[in-house]
Each structure stands twice: as C-alpha cells, then as structure tokens.
Amino acid sequence: SGCGELHVEICLHDLETEFTNIQIIKSDPIVTYKETVSELSSQICMSKSPNKHNRLYVQSEPLGEGLADLIENNQIGPRDDPKIRGKRLVEEFDWNKQDTLRIWSFGPDNTGANILIDKTVGVQYMGEIKDSMDSAFQWATKEGVMSEENMRNIRMNIMDVHLHGDAIHRGGGQIIPTARRVYYAAELTAEPRLLEPIFLCEITAPQDAMGGVYNCLNTRRGIVNEEENIAGTPMNLVKAYLPVAESFGFTAHLRGLTAGQAFPQCVFSHWSMINGDPFEKESKAGVIVAEIRKR
C-alpha cells in the first residue's frame, strides 16, 4: 500500500528491478473505503444465540461530528482517563454523562473510530459476556457488513441483554457470533453509507496553464479550495480536494492538458461520505459495493 499512484508504481518498480528480477503481474490499484451510518437505527435489533437461550438488543448511531478525527489523531482514546475523556465528550459532543463512563471499547484493533457502549440497566452477568461482546465488536468493525471494509464513526449501544442463568450456556461460542450478527443488523438499520478517502492536492503551474488544471480537476470530481500566486514567481498554487478513486492516471492527464507545466502533489486529507444509498443498485454507493463484492 502507498499514498498515491506514483508511490505504488515506484515501490513495484523497485520490487521488480532491484529485489526480484522477475515479471510481476499486477491488477489496477484498489481504493479502501470505510463504512459508516448516518442516522440512529430505525429499531432496536435483536439476535438470538445458536442455543436460543441468550438475546442481545443493540442500536447504532453516528458518533458525532469531528469525534472520529479526534480518535484517529489519538486525542481521545481507550487509554485516556475516563473522567477527563467523559468531560470532553459531554462538553464538546453532548453525550450523556452515564454513557461516557460505560464505554466498553474502541474498534477495530482497540483504537479505531467506533465505540461500544453498555447502556443496560440492572442486567446480571454483564461482566461475564463483556469479553465476548468486545471480540465480536472488534471483528465486526474490522469487516463491515456491506463490503467487509472497516467501519468508522459508528457508536454501538447495547440496550438490553437476556442471558441464560447457567454459565455454560453463555460462553464465547454462543455470544460472539450472536453479537457480531446484531452489530451488523444495527449498522444496516441505521441508514448505512460508504466513506471514500480524499486527497488534498497541491498543484503548481504557471498562469497560462491554469485552464488545463481546472479542466482536469472538473472531469475528476475535484473541488478547488484556494488559488494563490507564489510571491515573486510567475507560478500559481492551487489547492484542491481530489477523491482517491479518481486519482489514477491523474498526473499523466494533468501533464497532458498543461503541456507538462503543472506539478501535482497529493497527500491524504480526510474521509468524505458518498451520496447515495448502498441499497439502491443504481446509486454510486450501490455500484461500488457491488464491485467490491465481485472482487
């Protein structure tokens, strides 16, 4: 994996020429997406364990604007002091104070931008199934239900649990697959969406090549942020957001349109929600999900 097409090409070239001296068969580059939800689940989802003795009730909702970025930048995380972390969540994101004290885990890999919260009241044996619920949460957030991509910005609330009185009947083998299924259901009932990665692209080019730069960005869903003149030179600097999915062949296309005068520099900026319902086959998100599944 690498940042941008050029980076990957160089790595493959080195692999072919310096390290192996054999021909490598390569497919087109793959873009990783992430899965998220945009509403509160339309209902509380319930799943039964294989032995029919345990029931889990779960609801999911988005974490809140900007919280996922803070978690990814390690400003809020599982290792923080619960009181300080709770205070921030209450003040900045309007969370309920009780919820902040009952955060079970972050996922995937115990650090990702999804949170599992125990909202149950007076339920017995919660401590015993905590590990099983957590492993299922890590598994589900790592491979989402739509395209087996990571989940992001999802908060799973455990609303209620009915458990068998006998410890043998509520072990990991019963709880883990059940919990994973109910997390998937919670994601599917909460208006799921795909997130695509966006590059921040800085292009330097002389004034007379600007037309070509804008043409190239327009054909690739690029959004121009700012354009400024670099002081003391005839060059202009354009900053634009460019979806990673559209960035293949971007450099060659841009140079073709500007007679080689423009130099792009791309770096990952943020995740952006793809408009369109993945449940509709014709929509953009639906097409992407179908393609990932084929692959």
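**Q** Even after reading the chapter, I still don't get the confidence of the model for the protein, so can you show me in this structure?
**A** Interpreting fine coordinate detail is not advised for predicted regions of low pLDDT. With 100% of its residues at a pLDDT of at least 70, the protein reaches an overall mean of 90. Here helix H1 (residues 5-20) is the element of the protein with the lowest mean pLDDT, 87, and strand S2 (residues 45-48) is the one with the highest, 94.

**Q** Help me understand the packing of helix H7 (residues 210-219) against helix H8 (residues 250-257), please; the structure alone is not making it clear to me.
**A** A pair of packed helices is captured by two measures, namely the crossing angle of their axes and the spacing between those axes. With their axes 8 Å apart at the nearest point, H7 and H8 run at an angle of 145° to one another. When you trace H7 past H8, the crossing you get is right-handed. Together, Gly212, Val213, Asn215, Cys216, Leu217 and Thr219 of H7 and Phe250, His253, Leu254 and Leu257 of H8 make up the contact between the two elements. The class makeup of the residues in the contact of H7 with H8 is six nonpolar, four polar and no charged.

**Q** Looking at this model, I keep getting lost on helix H3 (residues 82-93). Mind explaining?
**A** Residues spaced three or four apart along an α-helix point in a common direction, a consequence of the helix completing one turn every 3.6 residues. Its 12 residues place the ends of H3 15 Å apart at the C-alpha level, agreeing with the 16 Å of an ideal helix rising 1.5 Å per residue. Arg85, Gly86, Leu89 and Phe93 are the residues of H3 that are buried. Down the axis of H3, the buried set is contained in an arc of 100°. They therefore lie on one face. Residues of H3 that are exposed and point more than 90 degrees away from the buried face comprise Lys83, Ile84, Lys87 and Glu91. Phi turns positive one or two residues past the end of H3, at Asp94, with a value near 55°.

**Q** Before we go on, may I ask you to explain the environment of Met156 in this structure?
**A** For Met156, the position within the fold is in strand S6 (residues 154-162). Taking the relative accessible area as the measure of exposure, Met156 reaches 1% and is therefore buried. In this structure the C-alpha to C-alpha distance between Met156 and Val58, which are 98 residues apart in sequence, comes to 6.9 Å.

**Q** Is there a simple way to explain the environment of Asn54 in this structure?
**A** Checked against the element boundaries, Asn54 lands in the loop between S2 and strand S3 (55-62). Distance in space between the C-alpha atoms of Asn54 and Ile175 is 7.8 Å, their sequence separation being 121 residues. Excluding its chain neighbours within four sequence positions, the residues that come into contact with Asn54 are Ser47, Lys48, Ser49, His162, Leu163, His164, His169, Arg170, Gln174 and Ile175. Here His164 takes part through its backbone nitrogen, which lies 3.0 Å from a polar atom of the side chain of Asn54.

**Q** When you look at the pattern of salt bridges in this model, what are you seeing that I'm missing?
**A** Side-chain pairs of opposite charge can arise where the charged atoms are in close proximity. A full pass over the atoms with the stated rule returns 15 salt bridges. Here Arg152 makes a salt bridge to Asp69, at a shortest N to O gap of 2.7 Å. Here Arg152, found in the loop between helix H5 (126-142) and S6, pairs with Asp69, found in helix H2 (residues 67-72); they are 83 residues apart in sequence, far enough to count as distant. By relative accessible area, which is 6% here, Arg152 ends up buried. Of the charged contacts in the structure, one is a salt bridge between Asp99 and Arg155, with a shortest N-O distance of 2.6 Å. Here Asp99 is found in helix H4 (residues 97-101), whereas its partner Arg155 is found in strand S6, with 56 residues between them in sequence. As far as burial versus exposure is concerned, Asp99 and Arg155 are alike and both buried. Through salt bridges with shared partners, a single network forms among Glu61, Asp99, Lys119 and Arg155.

**Q** Explain the environment of Ser247 to me, please; I cannot follow it from the model alone.
**A** Residue position: Ser247 is located in the loop between strand S9 (235-243) and H8. When the C-alpha positions of Ser247 and Arg220 are compared, they lie 7.7 Å apart, and in sequence the two are 27 residues distant. In contact with Ser247, other than residues within four places in its own chain, are Glu5, Phe199, Arg220 and Leu242. Polar side-chain contacts of Ser247 include one of 2.7 Å to the backbone oxygen of Val244.

**Q** I would appreciate a short explanation of the nonpolar core in the present structure.
**A** One broad rule of soluble globular proteins: the nonpolar side chains tend to lie buried together. Judged by nonpolar contacts, the single largest core of 25 residues is most densely connected at Met133, Met156, Ile158 and Tyr183. Among the elements of the structure, S3, H5, S6 and helix H6 (172-188) are those that each provide at least two residues to this core. Non-local contacts of Met156, meaning those with residues more than four positions away in its chain, are made with Val58, Gln59, Ser60, Ile115, Leu116, Ile117, Phe137, Met151, Tyr183 and Ala186.

**Q** Is there a simple way to explain the side chain of Ser60 in this structure?
**A** Relative to the helices and strands, Ser60 is located in strand S3. Given a relative accessible area of 0%, Ser60 falls into the buried group. From its side chain, Ser60 meets the backbone oxygen of Ala186 in a polar contact 2.9 Å long. Every residue in contact with Ser60, bar those within four places of it in the chain, is listed here: Val37, Glu39, Leu40, Ser41, Ile154, Arg155, Met156, Ala186, Glu187 and Ala190.

**Q** How do you make sense of the sheet that holds strand S4 (residues 103-107) when you look at a structure like this?
**A** Where strands meet in a sheet, backbone hydrogen bonds hold them as pairs that are either parallel or antiparallel. Read from one edge of the open sheet, five strands run S2-S3-S6-S5-S4, paired in mixed fashion. Unpaired on one side and paired on the other, S2 and S4 mark the two borders of the sheet. Going from strand to strand, the sheet's axes swing by 25° on average, the running direction of each strand aside. Examined bridge by bridge, S4 and strand S5 (residues 114-118) share four bridges and lie antiparallel to one another. Bridge assignment links Gly107 to a residue of S5, and that residue is Asn114.

Rules used throughout
- Residues numbered from 1 in each chain as written.
- Predicted model: local features only at pLDDT ≥ 70, side-chain atom pairs only at ≥ 80, totals over all residues.
- Heavy atoms only, no water.
- pLDDT = per-residue confidence, 0-100.
- Helix = DSSP H or I, 4+ residues; strand = E, 2+ residues; numbered from the N terminus.
- Axes fitted to C-alpha atoms, helices over the stretch in contact; angles between N-to-C directions.
- Left-handed = near helix turned anticlockwise from the far one by under 90°.
- Contact = heavy atoms within 4.5 Å.
- Nonpolar A, V, L, I, M, F, W, Y, C, P; charged D, E, K, R; others polar.
- Expected span 1.5 Å × (residues − 1).
- Buried < 20%, exposed > 50% of the residue type's maximum accessible area, 1.4 Å probe, protein only.
- Arc of directions from axis to C-beta.
- Polar contact = N/O pair within 3.5 Å; in protein donor to acceptor, adjacent residues only side chain to side chain.
- Salt bridge = Lys/Arg side-chain N within 4 Å of Asp/Glu carboxyl O.
- Core = buried A, V, L, I, M, F, W, Y, C linked by side-chain atoms within 4.5 Å.
- Pairing = 2+ DSSP bridges.

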